[in-house]
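Structure assessment
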Amino acid sequence: MKFDTAAGPNPIDRLKVVGKPTDRIDGKFKTTGTAPYAYERHDVAPDAAYGYVLGSSIAKGRVRSIDTALARQAPGVIGVVTTLDTPRIERGVMNVAYLFGGDVIQHYHQAIAVVVAETFEQARAASFLVKVDYAPEDGKFDLATEAKTAEPVPADSGEGSGGNGEERIGDFEGAFAQAPVTLDATYRTADESHAMMEPHATVAAWAGDRVTLWTSNQMIGWGHGSLAKMLDLPKEKVRLDAPYVGGGFGGKLFVRADAVLAALAAKATGRPVKVALTRPLIANNTTHRPATIQRVRIGATQDGTITAIAHESTSGNLPDGGPETAVNQTKYLYAGQNRLTAMKLARLDLPEGNAMRAPGEAPGLAVLEVAMDEMAEKLGLDPVAFRIRNDTQVVPTEPDLRFSHRDLVGCLKLGAEKFGWAKRNPKPGQVRDGQWLVGLGMAAAFRDNMVMKSGARVRLGGDGTVTVETDMTDIGTGSYTIIAQTAAEMMGVPLEKVVVRLGDSDFPVSSGSGGQFGANSSTAGVYAACVKLRESIAQKLGFNATDAVFEDGEVRAGNRAIPLAQAASDGELVAEDSIEFGKFSKTQQVSTFGAHFVEVGVDVDTAEVRVRRMLAVCAAGRILNPKSARSQVIGGMVMGTGAALMEELAVDTKRGFFANHDLAGYEVPVHADIPHQEVIFLDETDPMSSPMKAKGVGELGISGIAAAVANAVYNATGIRVREYPITLDKLIDRMPDAA
Amino acid sequence: MKSFTYERPSTPAEAAAAVGRTPEAKFIAGGTNLLDLMKLQIETPRHLVDVNGLGLDTVEPTDDGGLRIGALVRNTDLAAHPRVRKDYGVLARALLAGASGQLRNKATTAGNLLQRTRCPYFYDTAQACNKRQPGSGCSALDGVSRQLAVIGGSDACIATHPGDMAVAMRVLDATVETVDGVGAARTIPIAEFHRLPGDDPARDTNLQPGELITAVTLPKPVAGTHIYRKVRDRASYAYALVSVAAILSKDGSGHVAFGGVAHKPWRVEAAEADLPKGAKAVTQQVFADAKPTHENAYKLTLAERTLGAALNQARV
């Protein structure tokens, strides 16, 4: 099915199943420990051996030799595969660093060997016996130093980014120079780790020349093609299966070392092999959100109309790596005649920078929305009013391009009302509650709404069961549930009559999970397949497909009503289709919007920052399941609170690695850090998004929240910290004298 | 993890003898720190002597009005003990500020005293660390040091003691009771229990090889407001950036020890006379010889302000 015209009325609009806050249909499996995650696939490979990955202890250079003699003699060891045993393996989709093979070390903890043994403990113990001789080389590890010689980004080079690295509209410099009120400030955001609950993990088993990988991956289609290329096999000889994924956040968009090494080790040893990356490897062996240095300049008239806005960002990456596209949202969010956005990229020899939840917008809004707060103060305007004044219904860089549906103003106004924003004291450092300096902050949220081609197969069984098969993944997001809701709505059956099977590369290729495109795209693909199935059912039962109503387990038209199951009484009916988004979907700008409001307390003595209240108002089209959507938004708010207050991969700029590479050193928010969170979804649909009229929310929740926290800290203390995370050491010297 | 042998002796002296006579042996109690370190091969004992069954898990009053805490009393139980809650509030609060509920259920009094540093370079076996591998150097000196010691460090090591409980015990003037392999008991004042790193940072304490902690004794209670204030980057489950254990009267007089700043709980008794003059008067003396890195100099300001907060709290 081609999506080439705005969605009209369709069976989803009935909202008998879709739009309901249904519990997760996979919830009971997860809470009872029966959901099979990759590393626990004892059902498929009960005799799997254990692979333990050894990471490089230098950040850059070459491996001269690897002596595995002692390791091979260690108890239980079945085999050792080293990076010198194989030529450098091709990279898969979106890989920047090479994952294995050859003697070149690009970054710390790059995989250089996998030790395979009968038990995990034996493999790990033997890994300590592998002797590696390195030829280290000097590397570039400090973004601040390398930023001075960073190169402009030539072209579109990152998820969500549009246009060139530098984009100019009007005369920014001229307008900025003439503006009566201006801001010119530079900010920094930190390297961050996805820190998902389930580590990257794979069980690989060969049957002849065919390999199956039970793995943890967000994008089965990409992974399937990538592994075929990396293992030099035709795609039909490779199968991936990831029915459950314990979090991804962008860290599992692509194939990582666990999958490659499990496949190689299984081949070398003739045994199924399971490999999980240890927690210390996740920081330096995999990918991270790159740190940025961002400069924002805003010029405005006295009444708060923005006349000039510039956002420039510098980040670093390995050779062939892209920038963090932190200026992206600045092209869309606020009006202004004269504009400049630009990115620079420094060469660094740190581990690979890549996508993490809302790449671009998360660190970009963390800065832009603080700059807006600073500007509002200079103008003497309320921060909410300043944003409303500069709202736009067209893309400011392309005035002919309208937003399909943009209700940022609605989010701001409702949020301000519900949060009690009017009670905020605009003068910072004035409100005290016992030990706490109390402040309120807000920020706008914006995230592009991407769409991806997505396919599904739908089966109607003789008992009336509807089975959906797609390689879509559920990474904790609720995909199982919203796909079941979609199929139930389309086929007119209760949710219990729908079975959803996900994550298998033998199923039709879906959008996968990423860029908050998964929910809308994958359910639209299921919609397309269901439309096809409805047609064959109607035909089978002698209905005109356009007249037939699928409802209450029956197909009805006029005064005829036939049980749905009857269509499959002499054999299962199967339909397969994809939703494809063509040029039409680019004729308007489809984006998601929101507003964050946060109250923080800052300890008057120690400068510890603790969040007290949070509210997000989201405008993201039809909400397919308010319960799982809320869960996505509050999860994003938690993650953004981490970015605001504590999360930072600490760079050892001398040795070239992230030193705090475990969950004791890399702190993420714990329950005690997160107060009650409120989420309000505006009741809206966007017919330009898909037949589902839905948009993404998985990344909207993290977009802007860090700035709302930072602005609240300023309102509480009067101290503006322009370097994330806002830890107490950045406040303590400027705190007022303790009373 | 290297393979190891394991035994459960029946008396403290037997346990001490077993560790004394077996090369590369260690005691194991709650295992909340040792097992992690064994998995990472930072600790590689060949023999474990399990001291959980030795009956060292009672809390009893002493003749002079103090409290004798068995080495194996779990952190959860100790924090909830009525006498501890009534008379040694600083200790109960310190215990509850540490780790998580699950860990406190398992962690023991003696094991808590013996927990090892959380310096990131100690934990990464590819990096130089004199504490983990004597003579290899110290990557932390010019590395990531935001959490590390500001005072009492050396050119060989700037690790911090990560615990909370020991800081409270330091301000309480606790005494550590031990037994060795021939059954000889001795007592070690808490001030002399932990060491500074000097040129031998591999040794965290002054325990002799095979010497087993049997109890920690607290002297009779000290009157005053018992305060344990732990400052950290998140609200729970994080190591102290700075902590203050204090017992203070309304006029500010009393006692104070600091955590998160040194290789051991840090207390300078001579400075305590100036507590009524305010925090600065005290911390200027307590941290007179501080040598912070550029990343952790904030701890000096933080220590002063946190002590100030404690003094304010005591005045109310």
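Keep in mind that this is a model prediction, so the values were computed, not measured.

Residues and elements named next belong to chain A. Here the structure, examined in full by the defined rule, presents 16 aromatic pairs over all chains. Measuring from ring centre to ring centre gives 5.3 Å for F172 and F176, while their planes differ by 25°; the resulting arrangement is stacked. Pair noted here: F172 and F176 are both in helix 5 (residues 172-178), with a separation of four residues, about one helical turn. Owing to a relative accessible area of 16%, F176 belongs among the buried residues under this scheme. Centre to centre, the rings of F403 and F593 are 5.6 Å apart; their planes meet at 80°, and the pair counts as edge-to-face. Taken together, the residues span a long stretch of sequence, with F403 in the loop between strand 19 (398-402) and helix 11 (408-419) and F593 in strand 29 (residues 591-603) at a distance of 190 residues. With relative accessibility at 0%, the residue F593 sits in the buried group.

Glancing now at helix 6 (residues 220-230) of chain A. A:I220, A:G223, A:H224, A:S226, A:L227, A:A228 and A:M230 are the residues of helix 6 of chain A that are buried. Where helix 6 of chain A terminates, the next one or two residues include A:D232, which has phi positive at roughly 55°.

In this section: the domain arrangement of chain B. Split by domain assignment, chain B resolves into domain 1 (5-49) and domain 2 (225-315). For domain 1 of chain B and domain 2 of chain B, the distance between their C-alpha centres works out to 35 Å.

Next up on the list: the domain arrangement of chain A. Residue and element names in this part refer to chain A. As assigned here, chain A comprises domain 1 (2-35 + 451-586), domain 2 (43-359) and domain 3 (365-449 + 590-738). Each of domain 1 and domain 2 has a C-alpha centre, and the two are 34 Å apart. Facing the 23 residues of domain 1 at the interface are 21 residues of domain 2. Around 1400 Å² of area is buried between domain 1 and domain 2 when both sides are counted, 53% of it from carbon and sulfur atoms. Connecting domain 1 to domain 2 are two salt bridges.

The next thing to look at is the side chain of B:D50. All names here are of chain B. Tracing the chain through its elements places D50 in strand 3 (residues 47-50). Using a relative accessible area of 8% as the deciding quantity, one classes D50 as buried. Side chain to side chain, D50 and Y6 meet in a polar contact 2.4 Å long. If sequence neighbours within four positions are ignored, D50 has contacts with Y6, E7, R8, P9 and I28.

Thresholds, definitions, all that
Residues numbered from 1 in each chain as written. Chains lettered and ligands numbered in written order. Predicted model: local features only at pLDDT ≥ 70, side-chain atom pairs only at ≥ 80, totals over all residues. Heavy atoms only, no water. Phe/Tyr/Trp six-rings, centres within 6.5 Å; stacked < 30°, edge-to-face > 60°. Helix = DSSP H or I, 4+ residues; strand = E, 2+ residues; numbered from the N terminus. Buried < 20%, exposed > 50% of the residue type's maximum accessible area, 1.4 Å probe, protein only. Domains from an automatic or database assignment. Contact = heavy atoms within 4.5 Å. Buried area = accessible area lost by both parts, 1.4 Å probe. Salt bridge = Lys/Arg side-chain N within 4 Å of Asp/Glu carboxyl O. Polar contact = N/O pair within 3.5 Å; in protein donor to acceptor, adjacent residues only side chain to side chain.

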